[in-house]
Amino acid sequence: MQTEILPYIVEPRKDTGLYNAKVGIWLFLASEVMLFGALFSSYILLRVGAAEGTWPHHLLNIPLGTINTLVLICSSVTVVMSWASLKLNQWSKYKFYQAITILCALIFLGIKSFEYTDKFTHYEVVLKNGTSMTGHVEGSPLFLNLNKLKAAKTESIGFHPDAHASGHAEGAKGEAGGHGEGMKIATADITKLECFGPWHSTYLAIYFTLTGLHALHVFAGACVIFAIWGPLAGLWKKDPERYTNRVEVSGLFWHFVDLVWIFLFPVLYLL
Amino acid sequence: MSHDAHDIQKSVRRYLIVFGALLVGTILTVAVNAVNFHSIAITVAVALFIATIKAFLVAGYFMHLIDEKKMIYGILASTGFFFIGLMWLTIWAMHDFPTLAK
């Protein structure tokens, strides 16, 4: 029995000049533009609709955001260099560049998870006398709230308020002033205890939605690049052109992920 | 797009130049944030202008859009059309306040 081979998986079609996967990835990226576009338009609507002075500023760590931007740019250049290496038949260079890409992806996700953890251990506490403070609870517990305190029959908590009453850039202690002196707060005096999760404010809701979706894309892209780099690398010997096409297509996705971050960084961290 | 060895080697040099430009753009974005423009609109415009240049460099050179096939441009043009429509709907909605019926 003769095996039917799908046409244009390696060589380009004569009319379009493109192989199947390249058309496919561009159509997929078009749908991704609309997905992130919808979320960006939601951000604009929320940002413009926010009452004067209510939109939080400097809640995010700018140095960490900058490092993550530089890391993604580095990964973008290593992706394109790895593709160029394959075109020049330099296998070991390709392996080296993609290894750096995967490392950059891990660094990006590591920094992002550090930022998220910092948000989940940063609290707003409102007392019965109306005083509201932001800061860190002693022991840095995750997702603590008043119900959990009462359920655990905790009589009081140690609290380290931010030096600035309006909040601080978590992790950027040197920049925004760090913490004031620690204090004990009785559970009975607390009316609200909430960490800076997505439920805390509109800004944090859109921040976690946008950056969470982006981080999922980074993770998925890194998995695909790793699979092509490692377990599927045998194709290079059997069909180098097809293998190079796979690297190109995964690279296009990776550049798109970088593109999205180029807009997310100033919009979320700086404005 | 021709991909013979000489062209690729020329492209590699271009990728490194673009890489340098992207690093400078990122530092510039952060530096501009420290400048007080006395207007949120100008601050937003400057930040997005730099981001757009960086995006053009990534899409144009790393994604090879500067020298792509017509079909890809066609896909992107239709995406651009719908993206603008999406943003227009958003801006339109911001001025479309519900009113109580009399």
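Residues numbered from 1 in each chain as written. Chains lettered and ligands numbered in written order. Predicted model: local features only at pLDDT ≥ 70, side-chain atom pairs only at ≥ 80, totals over all residues. Heavy atoms only, no water.

What to know about the pattern of salt bridges
Put simply, the rule is: Basic side-chain nitrogens of Lys or Arg form a salt bridge, by our definition, when they fall within 4 Å of a carboxyl oxygen of Asp or Glu. Helix and strand definitions here come from DSSP, where helices need a minimum of 4 consecutive H or I residues and strands a minimum of 2 consecutive E residues; each element is numbered from the N-terminal end. In this scheme, a residue with accessible area under 20% of its type's maximum is buried, one over 50% is exposed, and one in between is partly exposed, where area comes from a 1.4 Å probe on protein chains only.
All chains considered together, the criterion is met by six salt bridges over all chains. Here Lys22(A) ties to Glu68(B) by a salt bridge, and the two come within 2.8 Å at their closest N and O atoms. With Lys22(A) in helix 1 (residues 20–49) and Glu68(B) in the loop between helix 2 (40–62) and helix 3 (70–94), this pair bridges two chains. The pair Lys22(A) / Glu68(B) is uniform in exposure class, with both members buried. The partner of Glu194(A) in a salt bridge is Lys192(A), and the shortest N-O contact between them spans 3.9 Å. Salt bridges linked by common partners bring Lys22(A), Glu248(A) and Glu68(B) together as one network.

Looking at the domain arrangement of chain A
Quoted interface sizes are often the accessible area lost when the parts come together. The cut-off we apply is this: Each domain's extent was defined by an automatic or database domain assignment.
For chain A, the domain assignment lists domain 1 (20–45 + 58–118 + 201–270) and domain 2 (122–195). For domain 1 of chain A and domain 2 of chain A, the distance between their C-alpha centres works out to 36 Å.

Here we look at the nonpolar core
All names here are of chain A. Note the following rule: Among buried residues, those of type Ala, Val, Leu, Ile, Met, Phe, Trp, Tyr and Cys that are joined through side-chain atoms within 4.5 Å constitute a nonpolar core. The contact definition used throughout considers only heavy atoms, calling two residues in contact when any of these lie within 4.5 Å.
If you look at the biggest cluster of nonpolar residues, it comprises 98 residues, and the most contacted ones within it are Trp26, Ile190, Leu193 and Tyr243. The element contributing the most residues to this core is helix 8 (residues 240–270), with 18 residues. Formed jointly, this core draws a minimum of three residues from each of two domains, domain 1 (20–45 + 58–118 + 201–270) and domain 2 (122–195). Setting aside residues up to four positions removed in sequence, Leu193 forms contacts with Tyr123, Glu124, Val125, Val137, Leu144, Asn145, Leu146, Leu149 and Ile157.

Overview of helix 8 of chain A
An α-helical turn contains 3.6 residues, so a residue and the one three or four places further along point in the same direction. The condition that has to hold: Multiplying one less than the number of residues by 1.5 Å gives the expected span of a helix. Two axes enter the definition of the bend at a residue: one is fitted to the seven residues ending there, the other to the seven starting there, and the bend is the angle between them.
With 31 residues, helix 8 of chain A extends 44 Å from end C-alpha to end C-alpha; this agrees with the ideal 45 Å at 1.5 Å per step. The largest bend in helix 8 of chain A comes to about 30°, at Leu264(A), with the proline Pro266(A) one to four residues further on.

Describing the interface of chain A and chain B
Selection criterion: Using a 1.4 Å probe, buried area is obtained as the accessible area two parts lose upon being combined, added over both of them. A 3.5 Å cut-off defines polar contacts: any pair of N or O atoms within that distance qualifies, except that in protein one atom must be a possible hydrogen donor and the other a possible acceptor, and neighbouring residues in sequence count only when both atoms are side-chain atoms.
Across the contact, 46 residues belong to chain A and 43 residues belong to chain B. For chain A, the biggest contributors to the area lost against chain B are Trp26(A), Ile73(A) and Leu271(A); these three give 15% of the whole. Viewed at the interface, chain B and chain A are joined by one salt bridge. Linking chain A to chain B there are two residue pairs in polar contact (both at pLDDT 80 or more). Breaking the side of chain A that touches chain B down by element, the ones donating at least two residues are helix 1, helix 2 (62–87) and helix 8 of chain A.

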